[in-house]
Amino acid sequence: MTQIETTLRQLRLSGLAQTLPVRLQEAAAARLGHGEFLELILQDELNVRHQRMLARRTKAADFRGLKSLEDFDWQFNPSISRKQIFELAAGQYQRDAKDVLFLGPPGVGKTHLAQALGYEAIKQGKDVFYRSIFDLVRDFMKDEAFNQQDKVLRRYLKPDLVIIDDMGLKQLPKNSGEYLLEVIMRRYENRSSIMTSNRPLEDWGKLLSDVPTAGAILDRFLHHAITIAISGRSYRVKDSLPPPIENKPRRK
């Protein structure tokens, strides 16, 4: 190992160390000036650090699966406004501490879009935390069982963006509404949240077995929320559906 490689490791410039041999050859071949060469190798280091940051924050977000806007099938469901989603991806709603609610039947793309917006936030340097509503309830029930007050709550309050998925798949256990209300109330007008729901808002009281708490959740969450209603067929079953029957003219 050369002295310069040792020095780069001591300075924790591993990205620069990886590309230095190639950049030295490039500098000699193209006769780069000192300033040009320095700019190249520093940019290499920044690129490596950015990729590590993305990987670290994506892992911490605990997505169900990494989804991006580039992967989304915009052709399948034309009811979704691509313009509106990309405007959200720019992140102004987070700067305004607004929330986002995706409403629609299962399989129309709510989870994909919510996680894709989360990934866009990560690329902008934000901390993101993804949980299904069932994960959230289990987290708080475990917190109570082990008497770890506020430890779980901090996980939901610290991130710049929290995504709560799958509201409405089935009725939730007792006290679920209280857990969700605590998160929504504490993040209200401070940091943004995204929720997805398969059921209309009027069903939330029944799902939570607590109509007053559901009303309090919706009162705060919807106050500054951007609501996106999605209709259409399920993307998951599109390939298993029979082809449409063609109306052929009858022979005379």
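Since the model is a prediction, treat every value here as computed from it, not as a measurement.

**Quick word on the packing of aromatic side chains**
The final tally for this structure, using the stated rule, is six aromatic pairs. Pairing Phe-63 with Tyr-130 gives two aromatic rings, centres 6.3 Å apart and planes at 55°, and the pair type is tilted. Of the two residues, Phe-63 is situated in the loop between helix H3 (34-61) and helix H4 (82-89) and Tyr-130 in strand E2 (residues 128-132); the sequence distance between them amounts to 67 residues. Its relative accessible area of 12% is what places Phe-63 among the buried residues. Note on Trp-74 and Phe-86: the rings are 5.8 Å apart at their centroids and 35° apart in plane angle, and the pair reads as tilted. Within this pair, whereas Trp-74 is found in the loop between H3 and H4, its partner Phe-86 is found in helix H4, the two being separated by 12 residues in sequence. Site record: aromatic cluster; members linked through ring pairs are Phe-129, Phe-140, Tyr-156 and Tyr-179.

**Points about the side chain of Asp-99**
Relative to the elements of secondary structure, Asp-99 occurs in strand E1 (residues 99-103). Buried Asp-99, no salt bridge; nearest opposite-charge side chain is Arg-187, N-O distance 6.2 Å. One polar contact links the side chain of Asp-99 to the main-chain amide nitrogen of Ser-193, over a distance of 2.8 Å. The contacts of Asp-99, once residues within four sequence positions are left out, are Arg-191, Ser-192, Ser-193, Phe-221, His-224, Ala-225 and Ile-226.

**A word on the pattern of salt bridges**
Applying the stated criterion across every chain, the model contains 14 salt bridges. A salt bridge links Asp-62 to Arg-131; its shortest N-O distance comes to 3.1 Å. You can see Asp-62 sitting in the loop between H3 and H4 and its partner Arg-131 sitting in strand E2, a full 69 residues away along the chain. A relative accessible area of 39% places Asp-62 in the partly exposed class. With a relative accessible area of 12%, Arg-131 lands in the buried category. Each of Arg-23, Glu-26 and Asp-44 takes part in a single network of salt bridges with overlapping partners.

**Side note on the sheet that holds E1**
Judged by pairing direction, the sheet is parallel, and its five strands sit side by side in the order E2-E3-E4-E1-E5 without closing on themselves. Strands with a single pairing partner mark the edges of an open sheet, and in this sheet they are E2 and strand E5 (225-229). Geometrically, the sheet is characterised by an average inter-axis angle of 15° between neighbouring strands, direction not taken into account. Bridge count between strand E3 (residues 161-167) and strand E4 (residues 192-197): five bridges; the pairing is parallel. What sits directly across from Ile-163, in E4, is Ile-194. Contacts between H4 and the sheet are confined to E1 and E5, with E5 contributing the most and set at about 150° to the helix.

**A short note on the nonpolar core**
If you look at the biggest cluster of nonpolar residues, it comprises 30 residues, and the most contacted ones within it are Leu-136, Met-195 and Trp-204. Every element with two or more residues in this core is listed here: E1, helix H7 (133-145), helix H8 (151-157), E3, helix H9 (176-187), helix H10 (204-208) and helix H11 (211-221). Apart from residues no more than four positions distant in its own chain, Leu-136 is found in contact with Arg-131, Tyr-156, Ile-164, Tyr-179, Leu-180 and Val-183.

**Remarks on the pairing of E4**
When a strand is regular, its side chains alternate between the sheet's two faces. Along E4, six of the six residues are buried, which leaves the element largely enclosed by surrounding structure. Side chains Ser-192, Ile-194 and Thr-196 project from E4 onto one buried face, and the interleaved Ser-193, Met-195 and Ser-197 project onto a second face that is buried too. Two strands pair when backbone bridges link them, and E1 and E4 are joined in this way by four bridges, in the parallel orientation. Looking at the pairing, Leu-103 lines up with Ser-197 of E4. Viewed along the sheet, the connection from E3 through H9 into E4 turns out right-handed.

What counts as what
- Residues numbered from 1 in each chain as written.
- Predicted model: local features only at pLDDT ≥ 70, side-chain atom pairs only at ≥ 80, totals over all residues.
- Heavy atoms only, no water.
- Phe/Tyr/Trp six-rings, centres within 6.5 Å; stacked < 30°, edge-to-face > 60°.
- Helix = DSSP H or I, 4+ residues; strand = E, 2+ residues; numbered from the N terminus.
- Buried < 20%, exposed > 50% of the residue type's maximum accessible area, 1.4 Å probe, protein only.
- Lys, Arg positive; Asp, Glu negative; His and termini not counted.
- Salt bridge = Lys/Arg side-chain N within 4 Å of Asp/Glu carboxyl O.
- Polar contact = N/O pair within 3.5 Å; in protein donor to acceptor, adjacent residues only side chain to side chain.
- Contact = heavy atoms within 4.5 Å.
- Pairing = 2+ DSSP bridges.
- Axes fitted to C-alpha atoms, helices over the stretch in contact; angles between N-to-C directions.
- Core = buried A, V, L, I, M, F, W, Y, C linked by side-chain atoms within 4.5 Å.
- Right-handed = clockwise from strand over helix to strand, strands pointing away.

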